[in-house]
Amino acid sequence: MLASLPWSSRWLGWLVALIAGLALAACSGDGPPQAQQAQSSLADARTFEGVRGIVDPDNRGWPREVEGLNGVVSIPTKPLRIITASVGHDEMALALVPNERLVAVGSSTKNATYSNVAALVQEKAEISRDPEVIIAQSPDVVVTSPFFPVEAVDALQRAGIPVVQTELIQSPEARINNILLMGYIFGEEERALEFADEVQARYQSLIAVTSEKAPQPSVLALTRYSDSLWVAGGNSTEGGVILAAGGVNAAETAGVSGIQTTSLEGVIAMAPEIIIIAQPLEFGAEEFRQSLLDNEALAEVPAVQNGAVHIVVSKHFTTLSYWNIRGAEDLARLLWPDDFPDPPAESFTLAE
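Just so we're clear, the structure is a prediction, and the values are computed from it rather than from any experiment. (Residues numbered from 1 in each chain as written. Predicted model: local features only at pLDDT ≥ 70, side-chain atom pairs only at ≥ 80, totals over all residues. Heavy atoms only, no water.)

### Points about the confidence of the model for the protein chain
Formally: The predictor rates its confidence in each residue with pLDDT, a number between 0 and 100. Contacts are assigned to residue pairs that have any heavy atoms within 4.5 Å of one another.
In this model, the protein chain carries a mean pLDDT of 89, and residues with pLDDT of at least 70 account for 87%. Contacts for the low-pLDDT stretch residues 1-45, under 50 throughout, to residues beyond four places or in other chains number 41 contacts.

Here is the structure:
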């Protein structure tokens, strides 16, 4: 009946989104504010209204325009040959389009140390950020990160290849926005909505428990590279994982923003109850862990005193995609074993 009313599709979509939002609110009651915010964000985006980067959310045809960090880009037809040249974007692309449409990946995406989808891409062509190498693969679109070189973007665009640089912010709202925007770019709107629901459901299931926990332990994400100690403070991917898992980010509490170097004195001052090492084993994670436990200067740090220094799967904690939810699930199980007795789902669904 609603479909027969003489309203534009935009207003009809808004009404459907409003009804969905009210239904979610009714179900959530007085739930955690993070969950309510995430639910509202997802409900508002059901018709792609308000998704950052989509110029005209009512346009489901071709050509269509999106606004990336590099400006407004027109995509002439549904892209069947896709390149993203970014591990996080590759991980998202494989959730949204059939595997064969991602035609080439970088070496990092093939490396299981860094990539959560390495097993899916071993047979694909390997590319670098050299525009000529990418052009040789004849992509219909390149969707990539803010870190992709400006000169390479210009070269690809001069060759007639649409290039969209999208944000890689890992807040709950931005995570869903990334999925929906990429789904729209690829012409896979329904799959994007379906997958956004899946990702959001896992996140909400997690924080429904962790946001109610008290007291929350002080957690420090600490690594060692080139003889320097590094901590993950506020506005870092690891910091977001700690908060979602129900911990307090010790580095953020100490005033650290982003990824910064520190010293043994800094670790002592932060006094974390738990230390997590999001560093690959092949890059010395176990040796680093043992050195912390054996260091007499750190003996009074609660995490060291109690042996609460843990190596975690780094690609779950540092990835710039929805896979960091898996990191939060792993950490929540470490922090609250009675509440999370079973291992989290090993993976996420893939596009068919």
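### Let's talk about the nonpolar core
Short version of the rule: Remark: nonpolar core denotes a set of buried residues (Ala, Val, Leu, Ile, Met, Phe, Trp, Tyr, Cys) joined through side-chain atoms within 4.5 Å. Remark: exposure states derive from per-residue accessible area (1.4 Å probe, protein chains only) relative to the maximum for the residue type, with buried under 20%, exposed over 50%, and partly exposed in between.
By size, the foremost hydrophobic cluster in this structure holds 60 residues, and its most contacted members are Ile-185, Phe-186 and Ile-276. Residues in contact with Ile-276, not counting those within four places in the same chain, are Val-219, Leu-220, Ala-221, Leu-222, Ile-242, His-310, Val-312, Phe-317, Leu-331 and Leu-334. In terms of nonpolar packing, the next biggest core, distinct from the first, is built from 19 residues, Leu-220, Leu-229, Val-231 and Val-304 among them.

### What to know about unusual backbone geometry
So the rule is basically this: Helix and strand definitions here come from DSSP, where helices need a minimum of 4 consecutive H or I residues and strands a minimum of 2 consecutive E residues; each element is numbered from the N-terminal end.
That bond from Trp-62 to Pro-63 is cis: its omega, 0 degrees, falls within 30 degrees of zero. Tracing the sequence through the fold places Pro-63 in the loop between helix 2 (33-44) and strand 1 (64-68). Here Ala-214 and Pro-215 are connected by a cis peptide whose omega angle stands at -10 degrees. In this fold, Pro-215 is placed in the loop between helix 8 (189-210) and strand 8 (218-225). One non-glycine residue, Ser-226, adopts positive backbone phi at about 50 degrees.

### Comments concerning the environment of Leu-193
Turning to its location among the elements, Leu-193 is positioned in helix 8. Of the residues examined, Leu-193 reaches a relative accessible area of 6% and is grouped as buried. For the pair Leu-193 and Thr-47, spaced 146 residues apart in sequence, the C-alpha separation works out to 8.9 Å.

### A closer look at the packing of helix 8 against helix 15 (residues 324-335)
Selection rule: Only C-alpha atoms enter the line fits that serve as axes; for helices the fit covers just the stretch in contact. Angles between N-to-C directions range over 0 to 180 degrees. Should an angle fall under 35 degrees it is called roughly parallel, over 145 degrees roughly antiparallel, and 65 to 115 degrees roughly perpendicular, with every other angle called oblique. Take the far helix as your reference; a near helix turned counterclockwise from it by less than a right angle gives a left-handed crossing, and one turned clockwise gives a right-handed crossing.
Where helix 8 contacts helix 15, the axes come no closer than 10 Å and their chain directions differ by 25 degrees. Viewed along their axes, helix 8 and helix 15 adopt a mutual orientation that is roughly parallel. As for how helix 8 packs across helix 15, the hand of that crossing is left-handed. Residues Val-199, Arg-202, Tyr-203, Leu-206 and Thr-210 of helix 8 touch helix 15, and the partners they reach there are Ile-325, Arg-326, Ala-328, Glu-329 and Ala-332.

### Re the side chain of Glu-189
Residue position: Glu-189 is located in helix 8. Residue classification places Glu-189 among the buried residues on the basis of a relative accessible area of 9%. Once residues lying within four places of it in the same chain are set aside, the contact partners of Glu-189 are Phe-48, Arg-60, Arg-64, Gly-183 and Tyr-184.

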